[in-house]
Amino acid sequence: FTSTREEQVYGGQVDTVTMQLSRVARSARTFSGIQPTGALHLGNYLGAVKRWVEQVGDQQEEVVRDRNMFCVVDQHAITMPQDPSTLRTNIRTMTASLLACGLDPGRCVLFQQSTVPAHSELCWVLATLCSVPRLGQLTQYKEKAARLKEIPLGLFIYPVLQAADILLYKASSVPVGEDNLQNLQIAQHLAHKFNRTFCPPTTPLFPRPEAILPDNTAARLRSLRSPEHKMSKSDPDPLACIFLSDTPDVLLKKVKASVTDTTKELYYDPVTRPGVSNLITIHSQMTGQSPEEVSRHLQENSFNKVQFKAMVTDSLVTHLTPIREEIDRILADQQYMDSVLADGRDVARDLAGETMGQVRQLIGWR
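Residues numbered from 1 in each chain as written. Predicted model: local features only at pLDDT ≥ 70, side-chain atom pairs only at ≥ 80, totals over all residues. Heavy atoms only, no water.

Caption draft 1: Region of interest: the overall build of the protein chain. When its secondary structure is counted, the protein chain shows 16 helices and five strands. Computed over C-alpha atoms, the radius of gyration of the protein chain comes to 22 Å, within 12% of the 21 Å expected from 2.2 N^0.38 for 366 residues, which places it in the range of a compact globule. Based on the C-alpha atoms only, the size of the protein chain along its principal axes is roughly 70 × 50 × 45 Å. Here the protein chain holds 366 residues, and 48% of them are scored as buried. Counting contacts in the protein chain only where the partners sit at least 6 residues apart, residues at least 24 apart contribute 76% of the total. For the protein chain, the computed accessible surface area is about 17500 Å², with 52% contributed by carbon and sulfur atoms. Here the protein chain contributes 39 positive and 40 negative side-chain charges, whose respective centroids are spaced 5 Å apart. (Helix = DSSP H or I, 4+ residues; strand = E, 2+ residues; numbered from the N terminus. Rg over C-alpha atoms; globule rule 2.2 N^0.38 Å. Buried < 20%, exposed > 50% of the residue type's maximum accessible area, 1.4 Å probe, protein only. Contact = heavy atoms within 4.5 Å. Areas by Shrake-Rupley, 256 points an atom, 1.4 Å probe, with all protein chains shown as cover. Lys, Arg positive; Asp, Glu negative; His and termini not counted. Charge placed at Lys NZ, Arg CZ, Asp CG, Glu CD.)

Caption draft 2: Main features of the packing of aromatic side chains. Under the defined criterion, the tally for this structure stands at six aromatic pairs. Their ring planes at 50° and their centres at 5.0 Å tell us that Phe194 and Phe198 sit as a pair that is tilted. Within this pair, Phe194 and its partner Phe198 are both found in helix H10 (residues 181-198), separated by four residues, close to a single helical turn. Lys144 extends its terminal NZ or CZ atom over the ring of Tyr158, reaching a point 5.9 Å from the ring centre. Between Arg273 and the ring centre of Tyr267, over which it is positioned, the NZ or CZ distance is 4.5 Å. (Phe/Tyr/Trp six-rings, centres within 6.5 Å; stacked < 30°, edge-to-face > 60°. Lys NZ or Arg CZ within 6 Å of the ring centre and 35° of its normal.)

Caption draft 3: Fine view of the state of the cysteines. Tallied over the full model, the rule gives zero disulfides. As a non-bridged cysteine, Cys71 has Cys108 as the owner of its nearest cysteine sulfur, 12 Å distant. (Disulfide = S-S within 2.5 Å.)

Caption draft 4: Geometry of the confidence of the model for the protein chain. Averaged over all residues, the pLDDT of the protein chain equals 91, while 92% of them reach at least 70. Counted against residues more than four places away or in other chains, residues 1-19, with its pLDDT under 50, gives 25 contacts. Throughout residues 21-26 the model reports pLDDT below 50, and contacts reaching past four residues in sequence, or to other chains, amount to six contacts. (pLDDT = per-residue confidence, 0-100.)

Caption draft 5: Structural context of helix H14 (residues 291-300). Along H14, the residues that are buried comprise Pro291, Val294, Ser295 and Leu298. The arc that holds every buried residue of H14, seen down its axis, measures 100°, which confines them to one face. Among the residues trailing H14, Ser302 stands out with phi positive, at a value near 50°. (Arc of directions from axis to C-beta.)

Caption draft 6: Local environment of the pattern of salt bridges. Under the defined criterion, the tally for this structure stands at 13 salt bridges. Here Lys50 and Glu54 are joined by a salt bridge, their closest N and O atoms 3.0 Å apart. Here Glu54 and Lys50 lie together in helix H3 (residues 42-58), a separation of four residues that amounts to about one turn. In this structure, Arg208 engages Glu210 in a salt bridge whose closest nitrogen and oxygen atoms are separated by 2.9 Å. (Salt bridge = Lys/Arg side-chain N within 4 Å of Asp/Glu carboxyl O.)

Caption draft 7: Inspection of the packing of helix H15 (residues 305-332) against helix H16 (residues 334-363) at higher detail. Between H15 and H16, whose axes approach to 5 Å, the crossing angle comes to 85°. Judged on the interaxial angle alone, H16 and H15 are roughly perpendicular. Listed contacts from H16 to Ile330, Leu331 and Ala332 of H15 are Gln334, Tyr336 and Met337. Residues of the contact of H15 with H16, tallied by class, amount to five nonpolar, one polar and no charged. (Axes fitted to C-alpha atoms, helices over the stretch in contact; angles between N-to-C directions. Parallel < 35°, antiparallel > 145°, perpendicular 65-115°, else oblique. Nonpolar A, V, L, I, M, F, W, Y, C, P; charged D, E, K, R; others polar.)

Caption draft 8: Geometry of the nonpolar core. With 50 residues, the main nonpolar core has Leu42, Leu98, Ile282 and Leu316 as its most contacted residues. Here the element with the most residues in this core is H15; it accounts for eight residues. If near-sequence neighbours (up to four positions away) are discounted, Leu42 is found in contact with Leu221, Met231, Ile242, Leu244, Ile282, Met286, Leu316 and Leu320. Of all hydrophobic cores here, the second largest spans 46 residues; its members include Ala118, Leu155, Leu161 and Ala171. (Core = buried A, V, L, I, M, F, W, Y, C linked by side-chain atoms within 4.5 Å.)

Caption draft 9: Examining the pairing of strand S3 (residues 109-112) more closely. Both faces of S3 are covered, namely the face carrying Val109 and Phe111 and the face carrying Leu110 and Gln112. Bridge count between strand S2 (residues 68-72) and S3: four bridges; the pairing is parallel. Each residue of the ladder has a partner; that of Met69, found in S3, is Val109. (Pairing = 2+ DSSP bridges.)

Caption draft 10: Up close: the environment of Phe194. Taking the relative accessible area as the measure of exposure, Phe194 reaches 0% and is therefore buried. Excluding its chain neighbours within four sequence positions, the residues that come into contact with Phe194 are Val125, Leu129, Cys199, Leu205, Phe206, Val359, Leu362 and Ile363.

Caption draft 11: Fine view of the pairing of S2. When you tally the buried positions in S2, you get five out of five residues, the bulk of the element. Of the pairings in the sheet, the one linking strand S1 (residues 30-34) to S2 comprises five bridges and is parallel in character. The residue of S2 that forms the bridge with Thr30 is Asn68. What joins S1 to S2 is H3, and the crossover it makes is right-handed. (Right-handed = clockwise from strand over helix to strand, strands pointing away.)

Shown next as structure tokens:
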């Protein structure tokens, strides 16, 4: 969905609208959500969560904490059938994982999606503005639907709920992966359509949410066992994916069993040497070195693959052990986690209530 001139101009008032949108955008709120799938894997951590932590940590002290909103999207999680007890556990595990990774609830808002009913309410309003053909052409939907005998309605309208998540907080920045760009385009389309349909030409309600794409290297960690594929929790090989909850013994076993190639020399070349390059990427992310610096160190010291894998394992253990121990500590402190989620819920409800008050007025519900 490209941004046409018609989308940028409401009633021909291009200068005024641009000025108004710029004013809205100055609030510069970031929103991002993550499904409660249990333990985070290394790709999730490096491609998304670590960047969230850095963004919150880098913001100036005087920045209001609700400029950064992070949500455990448990409503999205039930798009496909879930065991209720497993989902309940996974919500808490994901929350603990985000906190253990360093997401500071004193400097951002962390909350559980289903505890803010306005997400569902705005989803319905936006659904009345979205067409079946527009949703039906989305690549993610078509790929997932092709594997199912019966297609849940929730899978079809997933992007509309995602748009509601974003627009409810008038977010202007949305960290997403490349595979989620089409869904964000739905949010952009619905923001524009709502503004055009219900708002005065010079006072749009919703800013246009823009994508913040992850660093490609960190976001594309490969499977340890099949480096031609992305690292994924759904990989049937238990040795293919690194989790933040893995113990040192498990990390050693997984790295030792990782697939590389038959070339003796170790250097970084993701195209022709995906297995070796994946391990170099992991080590570089754990240590803060560039892949080229890691490659140079390996070559200058004539490392063999056994030594190289031991080095990667050591860096993983050093970086991930404190996170794993903190996850366990937070999970054991139910009162703390409940207080974080309750506080985040209250802040999110206040913001969502303000937006929905404006929406109800504009569409004629009050």
